[in-house]
Amino acid sequence: MKQLRYFLILTLLIWACEEAREMPITEFSTSELREEDLLVDVRTLSEFKEGHLDGAVNIDWMSWDFIQKWDTIDKDRKVYVYCKKGGRSAAAARVLDSLGYSVVDLTGGWDAYLQQE
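The model shown is predicted, which means the values in this text are computed figures rather than measured ones.

(A) Representation of the pairing of strand E5 (residues 102–107). Inspection of the sheet shows strand E1 (residues 22–24) paired to E5 by 3 bridges, in the parallel sense. When the sheet's bridge partners are listed, Met23 is paired in E5 with Leu106. Bridge count for strand E4 (residues 78–82) against E5 is 4 bridges, and the pairing is parallel. Of the residues in E5, the one forming a bridge with Lys78 is Ser102.

Next up, the structure:
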């Protein structure tokens, strides 16, 4: 019983300390970005060229060197990621989080952003 209590307390502490890591892209505004924040479109370069959020940089999740491209990016920066619908950005956010980045996945993706316009 004591172990269960410790487990529950530990779980609650971890849950309480977690930062919000998702935000609907429809609630996101590029005007709220701080200078040190980084907005990343993880779609392919051809998708990126068809249209993207102002100020976004393209780091293609599907590229073989996705992780290596992050070697020069400071881990103190907050990173916002998005893709077309949300699958690739969710996967990228998990990987970047495991590498020590503070990541917010902009759920819904580019398609949801275009639908709100």
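(B) Quick peek at the sheet that holds E4. Across the sheet, which stays open at both edges, the 5 strands sit in the order E1-E5-E4-E2-E3 with parallel pairing between neighbours. At either end of the open sheet lies a strand with only one pairing partner, and these are E1 and strand E3 (57–58).

(C) Representation of the nonpolar core. Within the largest apolar cluster, 15 residues are counted, with the highest numbers of intra-cluster contacts made by Val40, Trp70 and Val81. At the level of secondary structure, the elements contributing two or more residues to this core comprise strand E2 (38–41), E4 and helix H3 (87–98). Looking at which element gives the most residues to this core, the answer is H3, with 3 residues. Ignoring sequence-local partners within four residues, the contact set of Trp70 consists of Leu38, Val40, Ile59, Val79, Leu96 and Tyr101. If you look at the next biggest cluster of nonpolar residues, it comprises 12 residues, including Ile25, Val104, Leu106 and Ala112.

(D) Representation of the pattern of salt bridges. Tallying each qualifying case throughout the model produces 7 salt bridges. The partner of Arg34 in a salt bridge is Asp37, with the nearest N and O atoms 2.7 Å apart. In this structure Asp37 comes out as buried when scored by relative accessible area, which is 7%. Connected via shared salt-bridge partners are Arg34, Glu36 and Asp37.

How each quantity is defined
Residues numbered from 1 in each chain as written. Predicted model: local features only at pLDDT ≥ 70, side-chain atom pairs only at ≥ 80, totals over all residues. Heavy atoms only, no water. Pairing = 2+ DSSP bridges. Helix = DSSP H or I, 4+ residues; strand = E, 2+ residues; numbered from the N terminus. Core = buried A, V, L, I, M, F, W, Y, C linked by side-chain atoms within 4.5 Å. Buried < 20%, exposed > 50% of the residue type's maximum accessible area, 1.4 Å probe, protein only. Contact = heavy atoms within 4.5 Å. Salt bridge = Lys/Arg side-chain N within 4 Å of Asp/Glu carboxyl O.

Bear in mind that shape data such as this cannot, by itself, settle questions of function.
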